[in-house]
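# Residue-level structure breakdown
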Amino acid sequence: MPDPIQDMPVEEFRRTAHEIVDWIADYLQDIRQYPVLPDVEPGDLIDALPASGPERGEPMEIILKDFRTLVAPGITNWNHPRFLAWFANTGSAPGILGEMLAAALNVNGMLWKSSPAATELEQVTLGWLRQWLGLPEQFFGIIYDTASTSSLHALVAARELASPEARSQGTPQDLTLYVSEHAHNSIEKGALTIGIGQRNVRHVPADGEFRMQPEVLASMIEEDRRSGKRPFCVVATVGTTSIASIDPVPEIAGIAERYGLWLHVDAAYGGSAALLPEMRYVLAGCEHADSIVVNPHKWLLTPMDLSVFYTRRPEILRRAFALSAVYLDSADGPRALNYSEYGVQLGRRFRALKLWFVLRYFGREGLAAILRQHICLAENFAEMIRGDANFEIAAPVRFSLVCFRARRPDEFNRRLLERVNSSREVFLSGLVVNGRAVLRLAIGNIRTSREDIERVWTLLCQTARELDSEINQLDGTQPDISDSDRPDNRR
Ligand SMILES: *Cc1c(COP(=O)(O)O)cnc(C)c1O
């Protein structure tokens, strides 16, 4: 027998762990000195690392050196206060510490027995969050990795309720699903995954404020029923991904009830706002929903990944995944919850720990104050836009998201975005609203300050002026200015 290889000696672990925590602390402290976006080309890291793994183990110092010099420079710094793209988020310090401990414990929370505290902490933590969001007591909570997975489970439960025969026969071809034209594409992905053909996914048109139109939903359902389809589920969104619009959930809930549809609410981003008493209204009607998803990894300071799914019909969810009668009574008694019975995965990470740390460290008031600050900063930024004749707001400002554009052609707006981002000082995203190119600024980082937002505004104004003067110079002399406009050539 060769000598057994041991895990890292405890003293080495202690030393290295301290060193890593120091690195993390410095990283968080000095985050503004990092570029938001890395200066890399596709393939850079692949080319910098060996094509095969090491035959012999390597010392941690060398591994960490490569982390610092090769990996860290290729990171898009989501924890940067001027990361304002997609939905900006925060991996807060208490959340990071929760992740560290969860990794150390390495429990698999598939059954109550496989880790009682992991299971019960998930129940307790999701109970607190449910109360803070103002959702009814009957809602059962479970953590999945992402909203995409949460919504997939909503669709499986909806199918189980509408068509229990699907378990043995496969997904019937007449089940039809309704989403707003502005719904996140994870809903359609979920439909694809469970075999709801794309031709059975209805995109309900939205009104002038990007909200699903309930009357149109009702008439689409009627029409589908007349033609022999089986409407089974409607997904409403609270805080759409592109412009954070809010579907009229109370009206949609009435329609879902009238036609016997499962109502799932996708509140991945916007749901967290219900923590604020003055924003409770965003979840109006959700008390009638069959399920709802909220992502603490989006706007509740929890490191990736953690998505919370609530359903008032856990027994349907469980039935959908049950494979034997054994599940019916747990050997550990009625209070022992086996979370793996409520979803696709067997093994489960101890995600509740980091959420529990976050909820306790900040408290409801602390979290509410942070979200309020984000909403206020977004409002300040919107005021700057409104006060400048060169810019305009492109969609109603909701939550902490501002969609805006320069009052210039689309191409100008696209270049503005590209050039501002190429500074690596800030990161905004772009989208198309009503067929026009729009810029999107989303606030979700705990460190984002008024100064950061002012810096973004200054950069936008400067860059717009630069672009204007370049265009004026070139006007009439050179119709195609795209090459001279490369970010690298501008100095
Ligand atoms: C971000 C987002 C999603 C997807 O979230 P993941 O957790 O990345 O799957 C779904 N729906 C909405 C409304 C979102 O904003």
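Everything here concerns the structure above.
On a predicted model such as this, the values are computed, not experimentally measured, just so you know. (Residues numbered from 1 in each chain as written. Predicted model: local features only at pLDDT ≥ 70, side-chain atom pairs only at ≥ 80, totals over all residues. Heavy atoms only, no water.)

If you tally the helices and strands in the protein, you get 15 helices and eleven strands. Taking 491 residues into account, the globule formula puts the C-alpha radius of gyration at 23 Å, and the protein, at 25 Å, falls close to it. Across its three principal axes, the protein shows a C-alpha extent of roughly 75 × 75 × 45 Å. Here the protein holds 491 residues, and the buried ones make up 51% of them. (Helix = DSSP H or I, 4+ residues; strand = E, 2+ residues; numbered from the N terminus. Rg over C-alpha atoms; globule rule 2.2 N^0.38 Å. Buried < 20%, exposed > 50% of the residue type's maximum accessible area, 1.4 Å probe, protein only.)

Another point: the side chain of Thr119. Mapped onto the fold, Thr119 is located in helix H5 (residues 116–133). What makes Thr119 buried here is its relative accessible area of 1%.

Here the focus is helix H10 (residues 249–259). Taken together, the buried positions of H10 are Val249, Ile252, Ala253, Ile255, Ala256 and Tyr259. For H10, the angular spread of the buried residues around the axis is 165 degrees, confining them to a single face. For H10, exposure combined with an orientation more than 90 degrees from the buried face picks out Glu257 and Arg258. Lining the buried residues of H10 we find helix H9 (214–226), strand S4 (230–237) and strand S5 (262–266). One or two steps after H10, the chain reaches Gly260, where phi turns positive at roughly 70 degrees. (Arc of directions from axis to C-beta. Contact = heavy atoms within 4.5 Å.)

Contact geometry of helix H4 (residues 93–105) with helix H13 (residues 352–386) gives a least axis separation of 8 Å together with a crossing angle of 150 degrees. In terms of orientation, H4 and H13 fall into the roughly antiparallel class. Here H4 and H13 pass one another in a crossing that is right-handed. Taking contact as the criterion, the partners of Pro94, Gly95, Leu97, Gly98, Glu99, Leu101 and Ala102 in H4 are, on H13, Leu353, Lys354, Phe357, Val358, Tyr361 and Phe362. Residue composition of the contact of H4 with H13, by class: nine nonpolar, two polar and two charged. (Axes fitted to C-alpha atoms, helices over the stretch in contact; angles between N-to-C directions. Parallel < 35°, antiparallel > 145°, perpendicular 65-115°, else oblique. Left-handed = near helix turned anticlockwise from the far one by under 90°. Nonpolar A, V, L, I, M, F, W, Y, C, P; charged D, E, K, R; others polar.)

Counting across every chain of the model gives 21 aromatic pairs. Centroid distance Tyr269 to Phe399: 5.5 Å. Interplanar angle 65 degrees. Geometry classified as edge-to-face. Of the two residues, Tyr269 sits in the loop between S5 and strand S6 (291–294) while Phe399 sits in the loop between strand S8 (391–393) and strand S9 (401–406), which places them 130 residues apart along the sequence. Just as Tyr269 is buried, Phe399 falls in that class too. (Phe/Tyr/Trp six-rings, centres within 6.5 Å; stacked < 30°, edge-to-face > 60°.)

So, about the pairing of strand S10 (residues 429–433). Residues of S10 alternate between two faces, with Ser429, Leu431 and Val433 buried on one and Gly430 and Val432 left unburied on the opposite face. Hairpin connection from S10 to strand S11 (residues 436–442): two residues lie between these consecutive antiparallel strands, with Asn434 at a positive phi of about 50 degrees. (Pairing = 2+ DSSP bridges.)

Moving on, we come to a nonpolar patch on the surface. A cluster of nonpolar side chains, namely Val21, Leu97 and Met100, defines an oily patch on the protein surface of about 230 Å² accessible area. With respect to the helices and strands, the residue Leu97 is situated in helix H4. (Patch = residues over 30% accessible without salt bridge, like charges linked within 9 Å, V, L, I, M, F, W, Y side chains within 5 Å. Areas by Shrake-Rupley, 256 points an atom, 1.4 Å probe, with all protein chains shown as cover. Salt bridge = Lys/Arg side-chain N within 4 Å of Asp/Glu carboxyl O.)

The next point concerns the site of the ligand. Taken together, 14 residues form the shell around the ligand, and within it Ala147, Ser148, Asp266, Asn295 and Lys298 come nearest. Taking Ser148, its side chain carries an N or O atom lying 2.5 Å from an oxygen atom of the ligand. Note that an oxygen atom of the ligand is positioned 2.8 Å from one of the side-chain N or O atoms of Asn295. The protein chains hide 88% of the 390 Å² of surface that the ligand would expose on its own. Counting residues per element, the ones that place at least two in the shell around the ligand are helix H6 (147–162) and helix H11 (296–299). (Near = heavy atom within 4 Å. Polar contact = N/O pair within 3.5 Å; in protein donor to acceptor, adjacent residues only side chain to side chain.)

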